[in-house]
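Breakdown of the fold
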Amino acid sequence: MTQFPGRAGEAETQPCFAPQDDPFSEAPVSPEAFIARIEQLGPWLPDDPDLPPVGVAVSGGGDSLCLAWLARHWRKNLLAFVVDHGLRAESAEEAQLTVRRLTAMGVPARLLTLTTLTKGPGIAERARQARYAVLAQACREAGCLDLLLGHQADDQVETIRMRQKAGSGPDGLAGMGWVTALPDVRLVRPLLSVSRQALRNTLRQAGRAWVDDPSNQDMRAERVRVRHSLQVQDTRHILWQTGVKAGAARMQRDAERAAVLARQVTLRPEGWACLGPDLPEPEILSGLIRCVGGLIYPPSPIAVARLQAAEQEATLAGVQLMRGQAGWFLVREAAAMAAPVRAQAGARWDNRFELRLPPAVSGEELWIGPAGLGLERKDRHGWPARFCATLPALWRGDRRVAVPHLGLGAEEGLKQVRFLFQPPVSVTGSGVYGWPERKADQLQT
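Residues numbered from 1 in each chain as written. Predicted model: local features only at pLDDT ≥ 70, side-chain atom pairs only at ≥ 80, totals over all residues. Heavy atoms only, no water.

Notes on the overall build of the protein
- Helix and strand counts for the protein stand at twelve helices and 20 strands.
- In terms of principal-axis extent, the alpha carbons of the protein reach across some 75 × 50 × 45 Å.
- Expressed as a percentage of the 445 residues in the protein, the buried residues total 49%.
- Summarising the internal contacts of the protein: among those between residues at least 6 apart in sequence, 69% fall at separations of at least 24.
- Here the protein has roughly 20,700 Å² of accessible surface; of this, 52% comes from carbon and sulfur atoms.
- Taking the average location of the 53 positive side-chain charges in the protein and that of its 48 negative ones, the two points are 3 Å from each other. (Helix = DSSP H or I, 4+ residues; strand = E, 2+ residues; numbered from the N terminus. Buried < 20%, exposed > 50% of the residue type's maximum accessible area, 1.4 Å probe, protein only. Contact = heavy atoms within 4.5 Å. Areas by Shrake-Rupley, 256 points an atom, 1.4 Å probe, with all protein chains shown as cover. Lys, Arg positive; Asp, Glu negative; His and termini not counted. Charge placed at Lys NZ, Arg CZ, Asp CG, Glu CD.)

What follows is the structure, given as structure tokens:
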């Protein structure tokens, strides 16, 4: 833990930043500049305490804490979420310290503690998924429609470089979006054109301290190795421009794909996709696989291209490509579905379905799991048994008591239960990756 004293108020005299400015400048960011940027990323609810707050994800590090400090100058109705991953002995103390620092700023904070993470292979990815899951749940509980994230310009070029090395397609080279629309919350990254050092300099001048996580220096992590390899300024600028160009192209492709999807593909509320007689192009097929599988990230572009070219039934990334009388279908792979979870209002299962439980129905002793095989033909509404086996169902012990998508309920009250198909990412991504020149001009000083 490091304290960084400074002189409060100096950051407010700094000039406004714009997308065409140097994203790797170390000059502090003024609240006025931040407000100019974030207002362009709306629409936002009025700053009214009777309306839901805007959420802010705060780890306690320099990026997210600076985001909270700047956001506090923008509006009062905020709610910070501090996630304690529980992976280091000091993490609980640091999380509580961060809550106190946020409170001192005038930002209400809620501590979210993860208890299921364990160290081992893939810990960075597992921690990221767990963090987003608990943040999404916290936003739903608080009614937050928007969640601010502290990703900045250095994070962006590191992400682009990692995707280059992994052979990512052109969509991946767009990096992170300024705005990502998920089913029930918008992720907004207002600091993507600000450097890591600029944010820390902003906190120094404001007299604010932050927490340094030692894992950010662990060279065993790919991102840390990439970070150290990008110390050359020219390399970062080249990657930044790669992302800007790829982002503009991605949004154009997303619009074109959305038009194709509207004409040719039906995404069913049961969680499967009807593709028609011909398979869509690999990029569209990839987005559909991600959606049907409840994935955060798309599958390997090479694997999707092979799947599309082969035109044979196969399984990829937990999704089955099947051929039926009406054409091709994408259905969740039964063996890849999540384990059962307790049934309670708002519970998510398989990262795709959200349970809507009427107040009169008690979820006690009920579990959410796959419907499985054994449903009678007359109850399947014409759908194949292997499709219906992937539907979410309510179980009491070893007895299946409801399959809401089929209108089946062994008990009268359970016939009012509903499952909403809400995958974590839409088929086309629904992101804002570029920055219109008109808006950029408005931000210049």
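Some points on the nonpolar core
- In terms of nonpolar packing, the biggest core is built from 38 residues, with Phe34, Trp44, Val58, Trp74, Leu102 and Leu148 touching the most fellow members.
- For this core, the secondary structure elements donating two or more residues are helix H1 (31-39), strand E1 (54-58), helix H2 (62-74), strand E2 (78-84), helix H3 (91-105) and helix H6 (196-206).
- For this core, the element with the highest residue contribution is H2, accounting for eight residues.
- Among all residues touching Trp74, those that are not within four sequence positions of it are Phe34, Ile35, Ile38, Glu39, Trp44, Val54 and Leu148. (Core = buried A, V, L, I, M, F, W, Y, C linked by side-chain atoms within 4.5 Å.)

Overview of the sheet that holds strand E3 (residues 109-113)
- Spatial strand order, E3-E2-E1-E4-E6-E5-E20: seven strands in an open sheet with mixed pairing. Both edges of this open sheet fall to E3 and strand E20 (431-432), since each of them pairs with a single strand only.
- Helix-sheet contacts for H2 involve E1, E2 and strand E4 (146-148), and the interaxial angle to E1 is about 155°.
- Packed on one face of the sheet, H3 meets E1, E2 and E3 and runs near 170° to E2. (Pairing = 2+ DSSP bridges. Axes fitted to C-alpha atoms, helices over the stretch in contact; angles between N-to-C directions.)

Things to note about the side chain of Asp379
- Mapped onto the elements, Asp379 comes out in the loop between strand E15 (367-370) and helix H11 (385-388).
- Discounting residues that sit within four places of it in the chain, Asp379 has contacts with Leu406 and Leu408.

Some remarks on the sheet that holds strand E12 (residues 341-342)
- Strand order in the open sheet formed by five strands is E12-E15-E16-E17-E18, and the pairing between neighbours is antiparallel. The strands lining the two open edges of the sheet, one partner per strand, are E12 and strand E18 (408-409).
- Here strand E16 (residues 392-396) pairs with strand E17 (residues 399-403) via three bridges, running antiparallel. Residue pairing across strands places Arg396 opposite Arg399, the latter belonging to E17.

A word on the packing of helix H5 (residues 153-165) against helix H8 (residues 233-264)
- In contact at an axis separation of 9 Å, H5 and H8 are set at 80° when each is read in the N-to-C sense. In terms of orientation, H5 and H8 fall into the roughly perpendicular class. Counting all contacts with H5, which are made through Ala153, Asp154, Gln156, Val157, Ile160, Arg161 and Gln164, the residues of H8 involved are Arg236, Leu239, Trp240, Thr242 and Gly243.
- For the contact of H5 with H8, the class distribution of residues is five nonpolar, four polar and three charged. (Parallel < 35°, antiparallel > 145°, perpendicular 65-115°, else oblique. Nonpolar A, V, L, I, M, F, W, Y, C, P; charged D, E, K, R; others polar.)

Quick notes on the side chain of Ser193
- Residue position: Ser193 is located in the loop between strand E6 (186-188) and H6.
- Overall, Ser193 belongs to the buried group, its relative accessible area being 6%.
- Within polar-contact distance, the side chain of Ser193 engages the side chain of Arg37 at 3.2 Å. (Polar contact = N/O pair within 3.5 Å; in protein donor to acceptor, adjacent residues only side chain to side chain.)

Observations regarding the environment of Trp69
- Mapped onto the secondary structure, Trp69 falls in helix H2.
- Along the chain, Trp69 and Gly397 lie 328 residues apart, while their C-alpha atoms are 49 Å from each other.

Some thoughts on unusual backbone geometry
- The step from Gly42 to Pro43 runs through a cis peptide bond, and the omega angle for that step is 15°.
- Among the secondary structure elements, Pro43 is positioned in the loop between H1 and E1.
- Residues other than glycine seldom take positive phi values, yet Ala317 does so here, at roughly 55°.
- For Ala317, the position within the fold is in the loop between strand E9 (314-316) and strand E10 (319-324).
- For Ala317, a relative accessible area of 33% puts it in the partly exposed group.
- One non-glycine residue, Asn351, lies in the positive phi region at around 55°.
- Of note, Asn351 is situated in the loop between strand E13 (348-349) and strand E14 (353-356).

Some thoughts on the pairing of E17
- Between the end of E16 and the start of E17, which pair antiparallel, lie two residues, with Gly397 showing a positive phi angle near 65°.
- The pairing of E17 with E18 spans two bridges and is classified as antiparallel. Its bridge partner being in E18, Ala402 is matched across the sheet by Gly409.
- The turn linking E17 back onto E18 is made up of four residues, and Gly407 within it adopts a positive phi angle of 70°.

Thoughts on the pattern of salt bridges
- Per the counting criterion, the structure on display carries 25 salt bridges.
- Taking the shortest distance from any N to any O, the salt bridge between Asp154 and Arg236 comes out at 2.8 Å. Linking Asp154 in helix H5 with Arg236 in helix H8, this pair joins segments that are 82 residues apart in sequence.
- For Arg236, a relative accessible area of 14% gives the class buried.
- One salt bridge in this structure joins Asp379 and Lys378, with 3.3 Å as the shortest N-O distance.
- Each of Asp155, Glu158, Arg196, Arg223 and Arg227 takes part in one network of salt bridges that share partners. (Salt bridge = Lys/Arg side-chain N within 4 Å of Asp/Glu carboxyl O.)

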